[in-house]
Amino acid sequence: MFINFRTRALALLALAIFVASAFLAGFTIYDSREGALDRAQFAAENLSRSVQNGIVRVIEAYALSLDAVVDGLSDPSVQDTSNKIQQLILFDRSASAKNLGSLLVLDANGDIIKDSKSQSPRKANLASRDYFRAQIARDVGLFIGAPFISVLDNQWSIALSRRLTSADGKFAGVVVGSIKLELFKALLEDLSAGPGGSIALFRTDGASIMRTPYHASDIGVNFSNVGVFKAFKKARAGTFDQVAVRDSVYRRYIYSQIGTLPLLISIGLSFDDILYDWKRKSIVVGGVSVALLGSMLILALGFIRQLNLRETAEKEANISARRLSYLAEKSTDAIVVRDLRGRRTYASERFFQMIGRSRAAVGDTALAAYLRPHSIDRPRHVLKRLLAGEDRVSETLECAGPDGAPIWLDAVSTQVLDQNNKLTEIITSLRNITEQKLMEQELIAHQRQLEADNLTDALTAIPNRRAFDKALMAEVARAERGNFPLSIIMIDIDFFKSYNDHFGHVGGDETLRKVGRRLLSSIRRPADFVARYGGEEFAVILPDTDLAGAHHVAEALRLAVHNLCRPHPGNPAGFVTISLGVTCKMSGSKDRSLVQNADEALYRAKSAGRNKVETSSHL
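First, a word on scope: everything that follows refers to the structure included in this document.

Reading the values: the criteria
Residues numbered from 1 in each chain as written. Predicted model: local features only at pLDDT ≥ 70, side-chain atom pairs only at ≥ 80, totals over all residues. Heavy atoms only, no water. Helix = DSSP H or I, 4+ residues; strand = E, 2+ residues; numbered from the N terminus. Buried < 20%, exposed > 50% of the residue type's maximum accessible area, 1.4 Å probe, protein only. Contact = heavy atoms within 4.5 Å. Areas by Shrake-Rupley, 256 points an atom, 1.4 Å probe, with all protein chains shown as cover. Core = buried A, V, L, I, M, F, W, Y, C linked by side-chain atoms within 4.5 Å. Pairing = 2+ DSSP bridges. Axes fitted to C-alpha atoms, helices over the stretch in contact; angles between N-to-C directions.

So, the overall build of the protein
Part 1 of the argument: Secondary structure summary: the protein contains 17 helices and 21 strands in total.
Part 2 of the argument: Taken over 619 residues, the protein has a buried fraction of 42%.
Part 3 of the argument: Partitioning the contacts of the protein with sequence separation of at least 6, the portion at a separation of at least 24 is 55%.
Part 4 of the argument: Surface accessibility of the protein: about 32900 Å² in total, with carbon and sulfur atoms responsible for 56%.

Here it is, written out as structure tokens:
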């Protein structure tokens, strides 16, 4: 029993401090756990974007082959050619890429009428296939069929199909191509979701396409009743936690529909993998916390029970101080104590290990001496914020190691107050986060590279159609805001089909590269923009340029390509030439049909004999 009010008050205070400290320790461990989950989810979301970008590139590449066949079949000039020429036009080299099966053209009854692998198509009727039935009632766009085992090579594949429509709008058949699932298997296995993680690719109707770890028995199985599809019904993308049915592993799943495709990607991160480091650190932090709380409670009770024995209380206090010093030295974090002038009064051995220097070599030198320029003032700013009344300040510091390599430290500084509630010292806990920072930089660099690849034409290495559309939209908006003129030039290589027929696609590709480089090198102003628009077409954006100036630039481009003197037997000029269409959006004009107007001018240039520059009449 406590005898007097002061003793009871001290007991209640000790209990309150114990409970608060226990809560703080528990909260710190819990917050660390949530931080580990957040970092893992961030990494998984970046991984998901990488997987989605890879799959989208594959699907788009193969979809272009289908589109080329659909466009070719609707072109009367193609239909008038021989079967051999039709074969070359309809089924280009992309249709023979690795892991891509045959491209087939089926008529309205489902019979094979054209085959990319042979001029004499196989005799078969595929009207019962899902990719054929799906296109009969209406045009569903690019249809991705369920996985099936190919009878040609006994490998799992999926089919991509496009609808053929006759001139009167009726169903005329289907163009279909198959992709081997080995391609998706290789793509997913190149990435990792951790030892206990999984990556799965489904159709949005639940059909399994590919999964890592790989199980052949999973392909084609419908999983529409599992957790990811229950979540998918509520939101197209999201996160949920669940014990996996297959292997009973508790995972956090990050799922998302891949663009507008009927595909769903699901990445599962094992909680054992995510929390592995956290559990180890939590054991240490928990042990230290228990020791501290136990010591605190013992000391408090001892102080209360031995209130009149100051000498005994002082001994207990000294023991506690030694324990705290010992715990600081054994902590995985570095502990540094500074006075209000910034001078270091204590530093654990872990601090010197983190900055890669011995205690003797550092001496009294301040940490600022090892910081990179952008971090030098941060310790001083921390002191100002603590003096202003903040209890806790977090900063990320970058210092240089002995070899010059960067070392990133997560620094958490707290106040040390005296009995008058006045700031006397600053305790800073330092944690080495270099590995995390390097990983973040690598992910950012990878993302930027992916974005650059999406805006660059793979053949000519100049901006592609997507980059052109993006640049044009920005320049139109800028021209309207600043009331500036804006011109564009549409360019087409003359008689390019006959060039390909004579020199082959390899020669044609080389000419496209040379023409692209010549156009790019002939543009003088940094703001001017050259892109490959598609096929043998190029486009140029000329900001703040009127029609006369754009015509002058177009003429210079025409001469630059002509002066390549690249032989072209099918061209009356004897060399590779270009035709150009020029249009201008004058200041104050709201007409945004620039590409259409330039294309009309290009058509007139070609009709007038080619190797000419024509301007648009739409001003």
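There's plenty left to go through after this.
With respect to unusual backbone geometry
Part 1 of the argument: Following T212, the chain continues into P213 via a peptide bond in cis, with omega recorded as 0°.
Part 2 of the argument: Counting through the fold element by element, P213 comes out in the loop between β8 (208–212) and α6 (227–234).
Part 3 of the argument: Backbone geometry at C565 places phi at a positive 55°, although glycine is not the residue there.
Part 4 of the argument: On the secondary structure map, C565 appears in the loop between α16 (547–562) and β20 (578–585).
Part 5 of the argument: The class for C565 is partly exposed, based on a relative accessible area of 41%.
Part 6 of the argument: Positioned with a positive phi, R610 is a non-glycine residue whose angle comes to about 70°.
Part 7 of the argument: With respect to the helices, strands and loops of the structure, R610 is situated in the loop between α17 (594–607) and β21 (613–615).

Let's talk about the nonpolar core
Part 1 of the argument: Formed by 46 residues in total, the largest nonpolar core has its most connected members in L160, I179 and F184.
Part 2 of the argument: Top element by residues in this core is helix α1 (residues 5–73). It accounts for 15 residues.
Part 3 of the argument: Listed in part, the 25 residues of the second largest apolar core include I493, V540, L542 and L547.

A closer look at the sheet that holds strand β16 (residues 423–432)
Part 1 of the argument: In spatial order, the strands read β13-β12-β16-β15-β14; together these 5 strands make up an open sheet with antiparallel pairing. In the strand order of this sheet, the two ends are held by β13 (344–347) and β14 (392–400), each with one partner. Pairwise comparison of adjacent strand axes, ignoring direction, gives a mean angle of 25° for this sheet.
Part 2 of the argument: Of the pairings in the sheet, the one linking strand β12 (residues 334–339) to β16 comprises 6 bridges and is antiparallel in character. The residue bridging V336 from the neighbouring strand is T428, located in β16.
Part 3 of the argument: Contacting β12, β14, β15 (406–417) and β16, helix α12 (residues 378–387) runs over the sheet at an angle of about 170° to β14.

Remember, this is a structural readout, not a statement about activity or role.
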